[in-house]
Amino acid sequence: MEKLSNEEINKRLEHLNGWTYEKDAIHTSFQFDNFKDAFTVMTRIAFEAEALQHHPNWGNVYNELEISLSTHDSKGVTEKDFKLARAIEDIVESA
């Protein structure tokens, strides 16, 4: 998959609240009421990531979830990352 230009990435980020672009990846974080809620969302994201065959680089400490998306084969951000980011947004909004 083709790596997106910085201009394309920044334009697409305008439609994703709270996401940033740095070091060839897009990043965000979410806070939940507790660990159980954070882990529940992570589980839902994991199923979606598996269906898309694209997996996040992420971490969880108690109620906070940090996510970075990059397409390693393309050495940067591609459409796959934005597709997963939109899915993540939908999951978090419905949680």
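> Help me understand the pattern of salt bridges, please; the structure alone is not making it clear to me.
If the charged atoms of two oppositely charged side chains come close together, the side chains can form a pair. Tallied over the entire structure, the rule returns 3 salt bridges. Across the pair glutamate 79 and arginine 12 runs a salt bridge, and its minimum N-O distance is 2.0 Å. Of this pair, glutamate 79 sits in helix H3 (residues 79-94) while arginine 12 sits in helix H1 (residues 6-13), placing them 67 residues apart in sequence. Residue arginine 12 is classed as partly exposed on the basis of its relative accessible area, which comes to 29%. The salt bridge partner of arginine 86 is glutamate 79, with a shortest N-O separation of 2.7 Å. By relative accessible area, glutamate 79 is classed as partly exposed at 29%.

> What exactly am I supposed to notice about the packing of aromatic side chains here?
The geometry of two aromatic rings is summed up by the distance between their centres and the angle between their planes. Under the criterion given, the structure shown has 2 aromatic pairs. Seen from the ring of phenylalanine 82, arginine 12 lies directly overhead, with NZ or CZ sitting 5.7 Å from the centre.

> It is not clear to me how the packing of helix H2 (residues 35-52) against H3 should be interpreted in this structure. Could you clarify?
The angle between the axes and the distance between the axes are what describe a pair of packed helices. Two elements in contact, H2 and H3, have axes separated by 10 Å at closest approach and are oriented at 150 degrees. Regarding the angle of H2 to H3, the classification is roughly antiparallel. Here H2 runs over H3; the crossing is right-handed. Contact residues: Val41, Arg44, Ile45, Glu48, Ala49 and Leu52 in H2; Lys80, Lys83, Leu84, Ala87, Ile88, Ile91, Val92 and Ser94 in H3. Each residue belonging to the contact of H2 with H3 can be placed in one class, and the counts come to 9 nonpolar, 1 polar and 4 charged.

Analysis parameters
- Residues numbered from 1 in each chain as written.
- Predicted model: local features only at pLDDT ≥ 70, side-chain atom pairs only at ≥ 80, totals over all residues.
- Heavy atoms only, no water.
- Salt bridge = Lys/Arg side-chain N within 4 Å of Asp/Glu carboxyl O.
- Helix = DSSP H or I, 4+ residues; strand = E, 2+ residues; numbered from the N terminus.
- Buried < 20%, exposed > 50% of the residue type's maximum accessible area, 1.4 Å probe, protein only.
- Phe/Tyr/Trp six-rings, centres within 6.5 Å; stacked < 30°, edge-to-face > 60°.
- Lys NZ or Arg CZ within 6 Å of the ring centre and 35° of its normal.
- Axes fitted to C-alpha atoms, helices over the stretch in contact; angles between N-to-C directions.
- Parallel < 35°, antiparallel > 145°, perpendicular 65-115°, else oblique.
- Left-handed = near helix turned anticlockwise from the far one by under 90°.
- Contact = heavy atoms within 4.5 Å.
- Nonpolar A, V, L, I, M, F, W, Y, C, P; charged D, E, K, R; others polar.

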